[in-house]
Amino acid sequence: MVKHIVMWKWKDEVKQDHPEALVASLQERFKALLGVVPGLKEIEFGANYNGGEYDIALYCAFATKEDQDAYQTNPAHLAVAEIVRASTCGRACVDYEIA
C-alpha cells in the first residue's frame, strides 16, 4: 500500500476571499476520483483548522507505486490539480509505502 500526502498554502488573494466554497468544491472533485482512477483506494481532502504553515491537505492511498504514477497523469486528476495549482503558492509532499 502506498500513501500520498500533499499540503498546500493558499495564494494571498484566495485566503482573503474566504475559500470555504472552494474547499467544498475541491472535496467533491477529489472524492469523485474514487472509482475513476484505477488503483486509488482512499482519498481525503480538507482545510487545516489548526493554524500552521499549510492551509489545505490531501491524503491518498494506492495499491501500488505504479497506480500512484498512473494517478499523476490521469486526466481526471489533472483537471482537479489545475484548480489547486491556480489557487496555491506553496506545496509539500510525502510519499511512503507500507508493506
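## Considering the pattern of salt bridges
Thinking step 1. Applying the stated criterion to the full structure yields three salt bridges.
Thinking step 2. Note that K9 is salt-bridged to E53, the shortest N-O span being 3.1 Å. Taken together, the residues K9 in strand β1 (residues 2-10) and E53 in the loop between β2 (40-47) and β3 (56-62) connect sequence positions 44 residues apart.
Thinking step 3. The class of K9 is partly exposed, set by a relative accessible area of 25%.
Thinking step 4. Overall, the relative accessible area of 52% leaves E53 in the exposed class.

## Remarks on unusual backbone geometry
Thinking step 1. Although it is not a glycine, H18 sits at a positive phi angle of roughly 55°.
Thinking step 2. In this structure, H18 sits in the loop between α1 (12-16) and α2 (20-31).
Thinking step 3. Overall, H18 belongs to the exposed group, its relative accessible area being 58%.

## Looking at a nonpolar patch on the surface
Thinking step 1. A contiguous nonpolar surface patch, about 340 Å² in accessible area, is contributed by M1, V94, Y96 and I98.
Thinking step 2. With respect to the helices and strands, Y96 occurs in strand β4 (residues 88-97).
Thinking step 3. On the basis of relative accessibility, which here comes to 36%, the residue Y96 falls in the partly exposed class.

## Examining the pairing of β1
Thinking step 1. Bridge count for β1 against β3 is seven bridges, and the pairing is antiparallel. Counterpart to V2 in the pairing with β3 is F62.
Thinking step 2. Judged from the nine bridges that link them, β1 and β4 form a sheet pairing that is antiparallel. Within β4, the residue paired with W10 across the bridge is T88.

## Considerations on the packing of aromatic side chains
Thinking step 1. Applying the stated criterion across every chain yields a total of three aromatic pairs.
Thinking step 2. Centre to centre, the rings of W8 and F45 are 6.5 Å apart; their planes meet at 50°, and the pair counts as tilted. On the criterion of sequence distance, the pair formed by W8 in strand β1 and F45 in strand β2 is long-range, its members being 37 residues apart. Summarising the burial analysis for this pair, W8 and F45 share the class buried.
Thinking step 3. Both rings, one in F30 and one in F45, keep their centres 5.2 Å apart while their planes meet at 25°; by these two values the pair is stacked. Here F45 lies in strand β2 and F30 lies in helix α2, a separation of 15 residues in the sequence.
Thinking step 4. Its relative accessible area of 2% is what places F30 among the buried residues.
Thinking step 5. By relative accessible area, which is 9% here, F45 ends up buried.
Thinking step 6. Ring-pair connections join several aromatic residues into one group, and the members of that group are W8, F30 and F45.
Thinking step 7. We note K9 situated over the ring of Y54; from NZ or CZ to the ring centre the distance is 5.6 Å.

Criteria and cut-off values
- Residues numbered from 1 in each chain as written.
- Predicted model: local features only at pLDDT ≥ 70, side-chain atom pairs only at ≥ 80, totals over all residues.
- Heavy atoms only, no water.
- Salt bridge = Lys/Arg side-chain N within 4 Å of Asp/Glu carboxyl O.
- Helix = DSSP H or I, 4+ residues; strand = E, 2+ residues; numbered from the N terminus.
- Buried < 20%, exposed > 50% of the residue type's maximum accessible area, 1.4 Å probe, protein only.
- Patch = residues over 30% accessible without salt bridge, like charges linked within 9 Å, V, L, I, M, F, W, Y side chains within 5 Å.
- Areas by Shrake-Rupley, 256 points an atom, 1.4 Å probe, with all protein chains shown as cover.
- Pairing = 2+ DSSP bridges.
- Phe/Tyr/Trp six-rings, centres within 6.5 Å; stacked < 30°, edge-to-face > 60°.
- Lys NZ or Arg CZ within 6 Å of the ring centre and 35° of its normal.

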